[in-house]
Amino acid sequence: MVPATLAIRQLGVATVPKRLNLFALIPVFSLAGVVVAWDLLVHLHIFSPSLLPTPGAVVEAAAEMNRQGTLLGDATASFRRALSGFVVGSAAAIVVGALTGRSRIARALLEPTIQVIRPIPAIALVPLAILWFGIGEESKLFLTSLGVFFPVWVNTHVGISSTREDYLRVAACAGAPRHQVFTSVILPAALPFILTGLRQGIAMSLILIVASEQAGVTEGLGFRLDQARLFSQPDRLFACLLALGIVGALADQLFHRSTSRFVRWSREQA
Amino acid sequence: MIAAGIGIADLTVEYSGSQKVLDGIDLTIDAGAFVAVLGPSGCGKSTLLNTIAGFVRPTGGHVYFNGAVVSGPSRERGVVFQRDVLFPWASVGANIAFALRAAKVPRAQRKMRIDTLLKAVGLPTEITSRRPHELSGGMRQRVGIARALANNPQVLLMDEPFGALDALTRTQMQDLVIDLWEQTGTTIIFITHDVDEAIRIASAVVVMGVGGSIAGIIENPLPRPRPADRVAEFDGYAPLRRQLHDLLRSDQHLEEATGEHT
């Protein structure tokens, strides 16, 4: 006789992984569905191929661009620009956020100015960036770092200024000096906010790179997009969009996966 | 007021809106005493503790500690909070090490001190690397006590520390606090709204009324040890309990009566 519990457990072992596997396949099916639907839209002449190329044509164009060595070079150039803007902008934002979040004087001095500048869409600063810095790399760095600055600053500010009062009381009772309170209490407590801001900053840096690469460069996904439009090459245009999507998703996931373990506690708390 | 211990003179605390949370409190707590502060919620007992800790500035009057006016938090007055406030991002060991580092205990000695403190609160030293969310409520509160003890405080201020725990765990935690008091001679001020808890642990019970004043101070004559399962049968338990209840109730009547007239 097999005890009932054992039989159930064996059943469970047999069925559970199968259901999990099916579930894991859903994204694959949904993606395949989108590609098929896209293909049908063109083949049924709902969209003209000159506006919407078939998936096959896009893959061909991407392969062709890759053979010419442009696609990878463009992606790398765009990524490098986005990264340098991200590093400069977020480093400044974290320092300023730590100041405005902690110091009442710094907040009073900086907050009004920043609040006035903040609602301006970063894209609207493209002409200003060109006026000040020309169309070279400095102009792109200025625009991207400024765009990255605001989401990172706002989130850092909120995180740094919202430390739970009783955590600060624990630190005060222990007689902890200011720098220890900052590095061991305020900063770790704010980290989930800061990482959220940085993630928004990554998205912002990619948006601004595409905008700023419309002028003054000969390499980059934004530049290649504009070229494809200029020469009416929808297949290349879509290949660039696809590459942008992949670069963005990779950067976002890479960041999220490498940092999430530092803030796992904030999800465990909930 | 030069005596060792805590002196409270004409202490008044008002929050915004000029409503008095504490109204003219006078109280002396000798060094080494174990005092429970008993009162209904909203009577200002937590504010009293926060003022002794130095978190809250008095509007009027003073809190003295060993003869000096309390002007802010200090290592000599450790606090165990209502909810445990362990840092959720740090391991048990790192939570205690935070206090040790603040007290400038050399790095080489911290590991040993952490083990000693964990043993003192009845926890296995293996949990050093665990994170707070992996522990039960009772264990977390034990770590909280260990962290408060890390600075060898002269006074331990406990703000309804076991209110959120189940009855059995609460009894065990009471045992722990009684043991710590007997072994270390630390002054303990223990806030509670539970009459039986106050009777079981403290040597004197300060009863607070709704108006933020002291309704009465009752010495607790029950001999120690006071086992949880037998203390209720001790001579003097029932009268003491009745006396405390009467004090709590009389004050409420007074409040209701004055409330009707205004």
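Residues numbered from 1 in each chain as written. Chains lettered and ligands numbered in written order. Predicted model: local features only at pLDDT ≥ 70, side-chain atom pairs only at ≥ 80, totals over all residues.

With respect to the overall build of chain A
Helices and strands together make up the secondary structure of chain A, namely 11 helices and 0 strands. For chain A, the N- to C-terminal ordering of α and β elements is α-α-α-α-α-α-α-α-α-α-α. Seen through its principal axes, chain A has C-alpha atoms that stretch 85 × 70 × 30 Å. Sorting the 270 residues of chain A into buried and exposed places 34% on the buried side. Taking contacts inside chain A between residues at least 6 apart in sequence as the whole, the part at least 24 apart equals 74%. (Helix = DSSP H or I, 4+ residues; strand = E, 2+ residues; numbered from the N terminus. Buried ≥ 20, exposed ≤ 12 C-beta atoms within 10 Å, placed from the backbone. Contact = placed C-beta atoms within 7 Å.)

What to know about the sheet that holds strand β10 (residues 214–219) of chain B
For sheets, the rule is that strands pair by backbone hydrogen bonds, running either parallel or antiparallel. Residue and element names in this part refer to chain B. Strand order in the open sheet formed by 6 strands is β6-β7-β8-β3-β9-β10, with mixed pairing between adjacent strands. Edge positions in the sheet fall to β6 (77–80) and β10, since each has one partner strand and no second. If you compare each strand with its neighbour and ignore which way they point, the axes differ by 15° on average. With respect to the sheet, helix α4 (residues 137–149) is in contact with β6 and β7 (155–159), its orientation differing from that of β6 by roughly 170°. (Pairing = 2+ DSSP bridges. Axes fitted to C-alpha atoms, helices over the stretch in contact; angles between N-to-C directions.)

Focus on the nonpolar core
Judged by nonpolar contacts, the single largest core of 127 residues is most densely connected at Leu38 and Ile189 of chain B. Tallying contributions element by element places helix α8 (residues 178–212) of chain A first for this core, with 16 residues. Once residues within four sequence positions are removed from consideration, Leu38 of chain B is found in contact with Thr192, His193, Val195, Ala198, Val205, Val206, Val207, Met208 and Leu244 of chain B. (Core = buried A, V, L, I, M, F, W, Y, C linked by C-beta atoms within 7 Å.)

A few points about the pairing of strand β3 (residues 34–38) of chain B
For a regular strand, the rule is simple: side chains alternate between the two faces of the sheet. All names here are of chain B. Burial of β3 is extensive: 5 of the 5 residues sit out of reach of the surface. A two-sided burial pattern is seen for β3, the buried positions comprising Phe34, Ala36 and Leu38 on one face and Val35 and Val37 on the other. Here β3 pairs with strand β9 (residues 204–208) via 4 bridges, running parallel. Across the sheet, Leu38 pairs through a bridge with Val207, a residue of β9.

Re the sheet that holds strand β2 (residues 19–30) of chain B
Taking strand neighbours across the sheet as the criterion, the 4 strands line up as β2-β1-β4-β5 (chain B) in an open arrangement whose pairing is antiparallel. Two strands bound the open sheet, and with one partner strand each, they are β2 and β5 (68–69) of chain B.

Looking at the domain arrangement of chain A
Entries for chain A in the domain assignment read domain 1 (1–47) and domain 2 (55–269). Measuring from the centre of the C-alpha atoms in domain 1 of chain A to the corresponding centre in domain 2 of chain A gives 35 Å. (Domains from an automatic or database assignment.)

Topic: the packing of α8 of chain A against helix α10 (residues 234–259) of chain A
All names here are of chain A. Two elements in contact, α8 and α10, have axes separated by 11 Å at closest approach and are oriented at 165°. It follows from the interaxial angle that α8 and α10 lie roughly antiparallel. In the packing of α8 onto α10, the handedness of the crossing is right-handed. For the pair formed by α8 and α10, the contact residues are Leu195, Leu198, Arg199, Ile202, Leu206 and Val210 on the first element and Leu244, Gly248, Ala251, Asp252, Phe255, His256 and Thr259 on the second. Residues that form the contact of α8 with α10 fall into these classes: 8 nonpolar, 3 polar and 2 charged. (Parallel < 35°, antiparallel > 145°, perpendicular 65-115°, else oblique. Left-handed = near helix turned anticlockwise from the far one by under 90°. Nonpolar A, V, L, I, M, F, W, Y, C, P; charged D, E, K, R; others polar.)

Points about the domain arrangement of chain B
All names here are of chain B. Partitioning chain B into domains gives domain 1 (32–58 + 70–76 + 155–262) and domain 2 (79–152). In this assembly, 16 residues from domain 1 lie in contact with 14 residues from domain 2. When residues of the side of domain 1 that touches domain 2 are traced back to their parent elements, those giving at least two are β7 and α5 (167–184). Its residues placed into classes, the side of domain 1 that touches domain 2 shows 10 nonpolar, 3 polar and 3 charged.

Digging into the confidence of the model for chain A
On average, chain A scores 88 in pLDDT, and the residues at 70 or more come to 92%. In this model, residues 1–15 of chain A is a region of pLDDT below 50 whose contacts with residues beyond four sequence positions or in other chains number 1 contact. (pLDDT = per-residue confidence, 0-100.)

Thoughts on α5 of chain B
Residues and elements named next belong to chain B. Taking 1.5 Å of rise per residue, the 18 residues of α5 would be expected to cover 26 Å, and the 26 Å separating its terminal C-alpha atoms lies within 8% of that figure. Among all positions of α5, only Met173, Gln174, Val177 and Trp181 are buried. Angularly, the buried residues of α5 cover 105° about the axis, an arc narrow enough to put them on a single face. Projecting away from the buried face of α5 at angles above 90 degrees are the exposed residues Leu168, Glu182 and Gln183. The secondary structure elements touched by the buried residues of α5 are β3, α4, β8 (187–192) and α6 (195–201). Once α5 finishes, Gly185 follows within two positions and takes phi at roughly 70°, a positive value. (Expected span 1.5 Å × (residues − 1). Arc of directions from axis to C-beta.)

Structural notes on the environment of Leu51 of chain A
All names here are of chain A. Inspection of the secondary structure puts Leu51 in the loop between α1 (4–43) and α2 (55–67). Overall, the presence of 9 C-beta atoms within 10 Å leaves Leu51 in the exposed class. Linking Leu51 and Ser232, residues 181 residues apart in sequence, is a C-alpha distance of 9.0 Å.

A word on α2 of chain A
In an α-helix, one turn spans 3.6 residues; hence positions three or four apart end up facing the same way. Residues and elements named next belong to chain A. When the terminal C-alpha atoms of α2 are compared, their 18 Å separation across 13 residues agrees well with the 18 Å that a helix rising 1.5 Å per residue should span. In this structure, the buried side of α2 is in contact with α3 (70–102) and α10. Note on α2: the residue one or two positions beyond its end, Gly69, has a positive phi of about 80°.

Thoughts on the confidence of the model for chain B
A residue-level look at chain B finds 94% of positions with pLDDT of 70 or above and a mean pLDDT of 91. We note a pTM of 0.84 for the whole complex and an ipTM of 0.89 for its interfaces.

Some words on the pairing of β8 of chain B
All names here are of chain B. Of all the 6 residues making up β8, 6 are buried; the element is thus mostly covered by neighbouring parts of the structure. Of the two faces of β8, the one holding Thr187, Ile189 and Ile191 and the one holding Ile188, Phe190 and Thr192 are both buried throughout. Two elements, β7 and β8, share 5 bridges in a ladder whose sense is parallel. Its bridge partner being in β8, Val155 is matched across the sheet by Thr187. A crossover links β7 with its parallel partner β8, the connecting element being α5, and its sense is right-handed. (Right-handed = clockwise from strand over helix to strand, strands pointing away.)

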